[in-house]
Amino acid sequence: MTPLHISSRRFLLDLAELATFGRRQDGGIDRVAGSAADLASRAWIRERIEACGLSSWADDTGNVFGRRGDSRGPWLLVGSHTDTVPGGGYLDGAYGVIAALEVLRVLHEADHPAADMLEIVSFWDEEGAQATSTGGLVGSTALCAGGHIESIAGYLELHIEQGPRMEAAELELAAVSGIVGVARYSVTMQGVANHGGTTPMLGRADAGQAAVKAAAQIIDLVTALDPDMVANLGFIEFEPGAPNVIPGRAEFVVEFRAGTEQALRTVRRRLEQLVQRSAEAENCSGTVEQISYKPVARFDPALCHTVEMSLRTVAPAVGRLLSYAGHDASVLSRYVPTAMVFVPSTGGISHAPDEYTPEPLLVQGAQALLQCVLAVHASASSPRGAELVPQTTPGVHSRPR
Ligand SMILES: [Zn+2]
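The rules behind these values
- Residues numbered from 1 in each chain as written.
- Predicted model: local features only at pLDDT ≥ 70, side-chain atom pairs only at ≥ 80, totals over all residues.
- Heavy atoms only, no water.
- Donors = N, O, S within 2.8 Å, 3.2 Å for Na, K, Ca; no water.
- Helix = DSSP H or I, 4+ residues; strand = E, 2+ residues; numbered from the N terminus.
- Buried < 20%, exposed > 50% of the residue type's maximum accessible area, 1.4 Å probe, protein only.
- Phe/Tyr/Trp six-rings, centres within 6.5 Å; stacked < 30°, edge-to-face > 60°.
- Lys NZ or Arg CZ within 6 Å of the ring centre and 35° of its normal.
- Pairing = 2+ DSSP bridges.
- Axes fitted to C-alpha atoms, helices over the stretch in contact; angles between N-to-C directions.
- Contact = heavy atoms within 4.5 Å.
- Expected span 1.5 Å × (residues − 1).
- Bend = angle between axes of the 7 residues up to and from the residue.
- Polar contact = N/O pair within 3.5 Å; in protein donor to acceptor, adjacent residues only side chain to side chain.
- Parallel < 35°, antiparallel > 145°, perpendicular 65-115°, else oblique.
- Left-handed = near helix turned anticlockwise from the far one by under 90°.
- Salt bridge = Lys/Arg side-chain N within 4 Å of Asp/Glu carboxyl O.
- Patch = residues over 30% accessible without salt bridge, like charges linked within 9 Å, V, L, I, M, F, W, Y side chains within 5 Å.
- Areas by Shrake-Rupley, 256 points an atom, 1.4 Å probe, with all protein chains shown as cover.
- Domains from an automatic or database assignment.
- Buried area = accessible area lost by both parts, 1.4 Å probe.

Digging into the coordination of the zinc ion
Bound to the zinc ion are the protein donor atoms His 81 (NE2), Asp 92 (OD) and His 159 (NE2), situated 2.0 to 2.2 Å from the metal. If you list the donors of the zinc ion from N- to C-terminus, the spacing comes out as H-x10-D-x66-H. With His 81 in strand β3 (residues 75–81) and His 159 in strand β5 (residues 152–160), this residue pair connects regions lying 78 residues apart in the sequence. The residues His 81 and His 159 share a single accessibility class, namely buried.

What to know about the packing of aromatic side chains
What characterises a pair of aromatic rings is the spacing of the ring centres plus the angle enclosed by the ring planes. Here the structure, examined in full by the defined rule, presents 5 aromatic pairs. Measuring from ring centre to ring centre gives 5.0 Å for Trp 57 and Phe 65, while their planes differ by 15 degrees; the resulting arrangement is stacked. Each member of the pair, Trp 57 as well as Phe 65, is classed as buried. An angle of 55 degrees between the planes, with centres 6.1 Å apart, marks the rings of Tyr 185 and Phe 256 as tilted. Within this pair, whereas Tyr 185 is found in strand β7 (residues 181–190), its partner Phe 256 is found in strand β11 (residues 249–258), the two being separated by 71 residues in sequence. For Tyr 185, a relative accessible area of 1% translates into the label buried. For Phe 256, a relative accessible area of 1% corresponds to the buried category. Here the basic side chain of Arg 67 rests over the ring of Trp 75, its NZ or CZ set 3.7 Å away from the ring centre. The ring centre of Tyr 324 lies 3.8 Å from the NZ or CZ of Arg 165, which sits over that ring.

Focus on the sheet that holds strand β12 (residues 285–294)
Across the sheet, which stays open at both edges, the 4 strands sit in the order β9-β11-β7-β12 with antiparallel pairing between neighbours. Edge positions in the open sheet fall to β9 (230–239) and β12, since each of these has one partner strand only. Across the sheet, the axes of successive neighbouring strands diverge by a mean angle of 15 degrees, strand direction being ignored. Pairing analysis gives 9 bridges linking β9 to β11, with the strands arranged antiparallel. Paired with Phe 235 across the strands is Val 253, a residue of β11. Against the sheet, helix α6 (residues 207–225) makes contact with β7, β9 and β11, and its axis sits at roughly 10 degrees relative to β11, the strand it touches most.

Notes on α6
For an α-helix, 3.6 residues make a turn, and residues three or four places apart therefore share a direction. With 19 residues, α6 should reach 27 Å at 1.5 Å per residue; the first-to-last C-alpha distance of 27 Å fits that figure. Remark: the principal bend of α6, roughly 30 degrees, maps to Ile 218. Every buried residue of α6 is accounted for by Ala 207, Gly 208, Ala 210, Ala 211, Ala 214, Ala 215, Ile 218, Leu 221 and Val 222. Buried residues along α6 sit in contact with β7, β9, β11 and α7 (261–281). The opening residue of α6 is Asp 206, an N-cap whose side-chain oxygen sits 2.9 Å from the backbone nitrogen of Gly 208.

Describing the packing of α6 against α7
The description of two packed helices rests on the angle between their axes and on the distance between the axes. α7 packs onto α6 with a crossing angle of 150 degrees between their chain directions and a minimal axis gap of 9 Å. Accordingly, the angle class assigned to the pair α6 and α7 is roughly antiparallel. Of the two elements, α6 crosses α7, and the hand of that crossing is right-handed. Along its contact with α6, which presents Ala 210, Lys 213, Ala 214, Gln 217, Ile 218, Leu 221, Val 222 and Leu 225, the element α7 presents Ala 263, Thr 266, Val 267, Arg 270, Leu 271, Leu 274, Arg 277, Ser 278 and Ala 279.

What about the pattern of salt bridges?
Inspection of the entire model under this criterion finds 19 salt bridges. Of the charged contacts in the structure, one is a salt bridge between Arg 24 and Asp 26, with a shortest N-O distance of 2.8 Å. By relative accessible area, which is 46% here, Asp 26 ends up partly exposed. Linking Asp 30 and Arg 24 is a salt bridge whose minimum nitrogen-to-oxygen distance equals 3.7 Å. Connected via shared salt-bridge partners are Arg 10, Asp 14, Arg 48, Glu 102, Arg 105 and Glu 109.

Brief notes about a nonpolar patch on the surface
A contiguous nonpolar patch, built from Val 212, Ile 236 and Phe 238 and spanning about 220 Å² of accessible area, is present on the exposed surface. The topology assignment puts Ile 236 in strand β9.

Let's talk about the domain arrangement of the protein
Parsing the protein into structural domains produces domain 1 (8–179 + 296–388) and domain 2 (181–294). Domain 1 and domain 2 are separated by 38 Å when their C-alpha centres are compared. Residue-level contacts link 9 residues of domain 1 with 10 residues of domain 2. Overall, the association of domain 1 and domain 2 removes approximately 640 Å² of surface from exposure, summing both partners, and the carbon and sulfur fraction of that is 47%. Considering only the surface of domain 1 that becomes buried against domain 2, Val 296, Leu 322 and Tyr 324 emerge as the three largest contributors, covering 73% of it. Joining domain 1 to domain 2, the criterion identifies 0 salt bridges.

See the structure below:
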């Protein structure tokens, strides 16, 4: 069989057309889940799937799927999401969906047997950008809670990196081994509000000072603990918040992301110690409360290996990375063997109009995704790769509508 190649022209044209849904004057994309632009883009994706003789449907959540009408599964699911944050970029999510569509089209047109094991998806509301959102990943979570997941043998997602690490390491492609865990804490300092002029410095119980002194040490704490960990102090507030009143209460929210649960446990302990020390030094009391915790997602080692080997057939500059952003793949990885592929983000910019990856790298990434699917198909067809495909074929719960 002659080597298969994606059609770079068709792929780039589709990517460009998807970007017209919700495009703003400044080039940013407003395609928040459930918006008119999001709904219109989903109808368009279904048209594009059906235009080449494939069947498409949407589930009750709003996830859009495509596959060969007569394929029976279990399927390797490949895709991403097409919703955006307000003023987001044209690649985040959309790239992985259009690449999945192109891979399925190429396999279908070549009548390659891998086409029969492939299902593509555009997940509903990955970003969680609506005001009422509980944090996104809505479509992938719903898929995994429903019956259709029984028919899914594995999940692959191609995505832009959304950070500067690949560019810095001069990587063109990366196999993603997992997604960092994310822990968010609210730190509260309780002191005594008093006259900011008449109260001598000695003897104040200044909750604001306690908070900023603790907050100022967090970055050093994290860097010393784990060079791969990141922390972000994104919110701080003093009460009552007046120039002439000593803050009686202060709160800040800090978020940690790390590749191991161990690192996240350790940083929590260190944070608690730091908060106690800083509070006592200012005659205050301090508390640390966990707001949310997303565990580390570990992708399937065998599938990651297959992916990495496939990437090496497409480009020499291939690496392994952890993802510092959340993805639908983190949800899927708890249910089925999962892996991801990254392409670089120019300048590390994402969730912004300037989000960009040069077209040759986008095309190469889509070709790499095709190679990954072919490799998974080849390994699933061999006795050694049987673990990716369930031994018994479960019933299909979501029929194409
Ligand atoms: Zn995304």
